[in-house]
Amino acid sequence: MRESTFREQGGLCAYCMSKLSGSVAADDQDPAAGGMKIEHFAARHAQNTGRNRMFDWQNLLGVCPGDTAGPRRPKEARFHCDNYRGNAPLGANPAGPPPASELFRYTNAGEIRASQLASSAAQLNIDALNLNHPRLKSNRKAVIERTRKILKKHGWKRAVLEKYRRLATARDQDGCLQEFCGAIAYYLDKKIRADV
Ligand SMILES: [Zn+2]
């Protein structure tokens, strides 16, 4: 089950889009060892109406261990994703419609924000999962910056923007997606719209 979820999600955490270090089960006692956890979205959703969707494929999410430091750091500085959330409800299923990429927008500093579309649901996810954890922000900033440098080198040509936009959400030969591809795609879409 973990292996299928890992492949379906292109090797990225369904919540923060960090690269999962593999499909083995994460160990809560040793989160630094990596691996992934399986979340049952509907089972924990605030507005779950009771139908047992525990085994509905759409509701199985592979997520990262979400623990970045030693035990003495405050919760906000240490945890994100499932490990931060506890039992807090989520507003939107990252694997369900509308596509997660339409729920969020990103600043060049790597911050994730809710888009106009379904903004309260997206904001609930950002808050419940601590998606603006400093490490996630700086990692997103780094991928946006890397993309910006490539485009600058090519003189911001329309054809190059479109090529990198296609590559942003393409899978590699192992079926994996680029880390934080949602932030890269958002950045490129913004540049393409500004270029018309
Ligand atoms: Zn994550």
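Residues numbered from 1 in each chain as written. Predicted model: local features only at pLDDT ≥ 70, side-chain atom pairs only at ≥ 80, totals over all residues.

The alternating pattern of strand β2 (residues 60-63) places Leu60 and Gly62 and Leu61 and Val63 on opposite faces, both of which are buried. Relative to β2, strand β1 (residues 37-40) is paired through four bridges, and the arrangement is antiparallel. Within β2, the residue paired with Lys37 across the bridge is Val63. (Buried ≥ 20, exposed ≤ 12 C-beta atoms within 10 Å, placed from the backbone. Helix = DSSP H or I, 4+ residues; strand = E, 2+ residues; numbered from the N terminus. Pairing = 2+ DSSP bridges.)

In this fold, Ile38 is placed in strand β1. When the 16 C-beta atoms within 10 Å are taken as the criterion, Ile38 is described as partly exposed. With residues near it in sequence (within four places) discarded, Ile38 still touches Met1, Arg2, Thr5, Leu60 and Gly62. (Contact = placed C-beta atoms within 7 Å.)

Another aspect to go through is the packing of helix α7 (residues 134-153) against helix α8 (residues 158-168). Remark: α7 packs on α8, axes separated minimally by 10 Å, with the N-to-C direction vectors making an angle of 150 degrees. Classified by the angle between their axes, α7 and α8 sit roughly antiparallel to one another. Viewed along their axes, α7 and α8 form a crossing whose handedness is right-handed. Only Val160, Leu161 and Tyr164 of α8 make contact with α7, whose side of the interface consists of Thr147, Ile150 and Leu151. Of the residues that constitute the contact of α7 with α8, the class distribution is five nonpolar, one polar and no charged. (Axes fitted to C-alpha atoms, helices over the stretch in contact; angles between N-to-C directions. Parallel < 35°, antiparallel > 145°, perpendicular 65-115°, else oblique. Left-handed = near helix turned anticlockwise from the far one by under 90°. Nonpolar A, V, L, I, M, F, W, Y, C, P; charged D, E, K, R; others polar.)

Our focus in this paragraph is the environment of Glu8. Summarising the element assignment, Glu8 is placed in helix α1 (residues 2-8). In the structure, Glu8 is positioned 167 residues away from Gly175 in sequence and 8.5 Å away in space, judged by C-alpha atoms.

We now examine the nonpolar core. Membership of the largest hydrophobic core comes to 41 residues, with the highest contact counts inside it found for Cys13, Cys16, Val63, Cys81, Ala183 and Ile184. Of all elements in the fold, only β2, β3 (104-106), β4 (112-114), α6 (119-128), α7, α8 and α9 (181-195) reach the threshold of two or more residues within this core. Tallying contributions element by element places α9 first for this core, with six residues. When sequence neighbours within four positions are dropped, the list of residues in contact with Cys16 reads Cys64, His80, Cys81, Leu129, Leu131 and Leu136. (Core = buried A, V, L, I, M, F, W, Y, C linked by C-beta atoms within 7 Å.)

This paragraph deals with the confidence of the model for the protein. Do not read the predicted coordinates in detail wherever pLDDT is low. Overall, the prediction assigns the protein a mean pLDDT of 87, with 89% of residues at 70 or greater. Mean pLDDT across the elements of the protein ranges from a minimum in helix α2 (residues 41-44), with 58, to a maximum in α7, with 97. Low confidence marks residues 43-57, where pLDDT is under 50. Its contacts with residues over four positions away, or in another chain, come to 11 contacts. (pLDDT = per-residue confidence, 0-100.)

Attention now moves to the environment of Arg165. Positionally, Arg165 belongs in helix α8. Along the primary structure Arg165 and Ile184 are separated by 19 residues, whereas in three dimensions their C-alpha atoms are 7.9 Å apart. Not counting residues up to four positions away in its chain, the partners in contact with Arg165 are Ala185, Leu188, Asp189 and Ile192.

Buried within α6 are the following residues: Ala122, Asn125 and Ala128. Taken end-on, α6 shows its buried residues confined to a sector of 135 degrees, consistent with a single buried face. Where the residues of α6 are buried, they touch α4 (82-85), α5 (100-103), β3 and β4. Count one or two residues on from α6 and you reach Asn130, which has phi positive near 55 degrees. (Arc of directions from axis to C-beta.)

What follows concerns the packing of α8 against α9. Where α8 meets α9, the axes come as close as 9 Å, and the angle between the chain directions of the two elements is 155 degrees. As summarised for this structure, α8 and α9 are arranged roughly antiparallel, according to the angle between their axes. Classified by chirality, the crossing of α9 by α8 is left-handed. Only Cys181, Ile184, Ala185, Leu188, Asp189, Lys191, Ile192 and Asp195 of α9 make contact with α8, whose side of the interface consists of Arg158, Leu161, Glu162, Tyr164, Arg165 and Ala168. Classifying every residue of the contact of α8 with α9 gives eight nonpolar, no polar and six charged.

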